[in-house]
Amino acid sequence: MDSTTPQGGILIVDDDPNSLVALRELLEGPGQSVILAESGEDALRHVLKQDFAVILLDVRMPGMDGFETARLIRERKRSRHTPIIFMTGALEDVHSQFRGYEAGAVDYITKPLVPQVLKSKIAVFLELYKINADLRREIAVRTRAEEHLRSSEENLRSLAAHLQSVREEEGTRIAREIHDDLGQALTGLKMDLAWVAKRLRADQKPLAEKAASMGRLIDDTVQMVRQIASRLRPAILDERGLTAAIWWQARDFRKRVGIRCEVSLPAEAPPIDAERSLAAFRVFQELLTNVARHANATRTDVALRVESGMLVLLVEDNGKGIDEAAAASPKSLGFMGMRERILPFGGKIEIAGTRDAGTRVRVTIPLGVK
Ligand SMILES: Nc1ncnc2c1ncn2[C@@H]1O[C@H](COP(=O)(O)OP(=O)(O)O)[C@@H](O)[C@H]1O
Ligand SMILES: [Mg+2]
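None of these values were measured; they are calculated from a predicted model.

What counts, and where the lines are drawn
Residues numbered from 1 in each chain as written. Chains lettered and ligands numbered in written order. Predicted model: local features only at pLDDT ≥ 70, side-chain atom pairs only at ≥ 80, totals over all residues. Helix = DSSP H or I, 4+ residues; strand = E, 2+ residues; numbered from the N terminus. Expected span 1.5 Å × (residues − 1). Contact = placed C-beta atoms within 7 Å. pLDDT = per-residue confidence, 0-100. Buried ≥ 20, exposed ≤ 12 C-beta atoms within 10 Å, placed from the backbone.

1. A few points about helix 8 (residues 274-295)
Residues that lie three or four places apart on an α-helix share one face, since the helix turns once every 3.6 residues.
Phase 1 of the analysis: Compared with the 32 Å implied by 1.5 Å per residue over 22 residues, the 30 Å span of helix 8 between its first and last C-alpha is a close match.
Phase 2 of the analysis: Lining the buried residues of helix 8 we find helix 5 (115-198), helix 7 (235-257), strand 7 (299-307), strand 8 (310-317), helix 10 (333-342) and strand 10 (358-366).
Phase 3 of the analysis: Positive backbone phi, approximately 60°, marks Asn296, located one or two places after helix 8.

The following block contains the structure:
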């Protein structure tokens, strides 16, 4: 840490010891430190070690004079902005004042010094230093708070991503179990039922009818199990890719929700990896759910294409039109989830709604390949 004190010190540089002592008497006070330097070299040593609120610098000194000293003080990073007041003889000409300003002086004061004038000039710089120090502290506090915020945002983001992938894995596992175990049990049941039905006598017609309806129920249940499993984890996505999965999902939507759903798909399968496929597919499902739940639409148009290295997914409906501000609000957890889902790939979602004319959502995901 630097040695910045709230009350910055004053550095006085003068080759005349009497003058140094007199100035210290004048400016030193409770809580106000004054450091004395008898030469330019001496002054430079001090400014390397400590910050000053103001430097009072004699122009005429043997060896390194005030101008040279000021120039070197300005070159040091630590003292680059420290205000320097030159002290000069009354007879100094305008030219040397110019040189002083060029060397980095902020003010001039002529000897013999008038104590009140000097004190009030110095007071201005001390006040300035204090304000600056306060500002620096405030900035440091804010920077820390911002860093804290940023890191907790990052943590939340990775937690969300983690939960998402845990959920997907869990879904895949449950889907497989439902499909395999439950599916097998139902097949067994169906076979047993067939066995029983075969052994019924011709005069047991009501039982035969019952067996037939049980058989239909088992078939429906098999269908249901398949649907539940594929909703948990659409096997088609892994087996036949995103395009097929979107087509399948749109058909399922049409059947289940009864809203027309036109699909335009690329002729060639997009060059997309499994993670991006899954993310795009989940976003697509979420968007269709929104259409079913909120849009009050009679028609949906879906388009998937690849445009300059980006996967573009468009979902439009002719419903009531989304309130764009509401969709952007942090309360719209659905959209927030969608954004988070594609964020790792640098993807984005654009939402546009026209009142009573419909909603258009455009999702883009960089493919990460040429
Ligand atoms: N296709 C749409 N048409 C009209 N409004 C929509 C549509 N999709 C979303 N919205 C509106 O945007 C809001 C936010 O959507 P979302 O973040 O998915 O949250 P949720 O579906 O859980 O309400 C919805 O509550 C709804 O008011
Ligand atoms: Mg939603």
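2. Focus on the confidence of the model for the protein
Close reading of the predicted structure is inappropriate where its pLDDT is low.
Phase 1 of the analysis: Scored by pLDDT, the protein comes out at a mean of 92, with 96% of its residues at no less than 70.
Phase 2 of the analysis: Note on residues 1-5: pLDDT under 50 across the span, and 5 contacts to partners over four residues away in sequence or across chains.

3. Observations regarding unusual backbone geometry
Phase 1 of the analysis: For the bond from Lys111 to Pro112, the omega torsion is -5°, close enough to zero to count as cis.
Phase 2 of the analysis: Mapped onto the secondary structure, Pro112 falls in the loop between strand 5 (107-111) and helix 5.
Phase 3 of the analysis: A positive phi is found at Ser308, a non-glycine position, where the angle reads about 35°.
Phase 4 of the analysis: Summarising the element assignment, Ser308 is placed in the loop between strand 7 and strand 8.
Phase 5 of the analysis: Taking the C-beta count within 10 Å as the criterion, Ser308 has 7 such neighbours and is therefore assigned exposed.
Phase 6 of the analysis: Its identity is not glycine, yet Asp356 carries a phi of approximately 60°, on the positive side.
Phase 7 of the analysis: Relative to the helices and strands, Asp356 resides in the loop between strand 9 (348-354) and strand 10.

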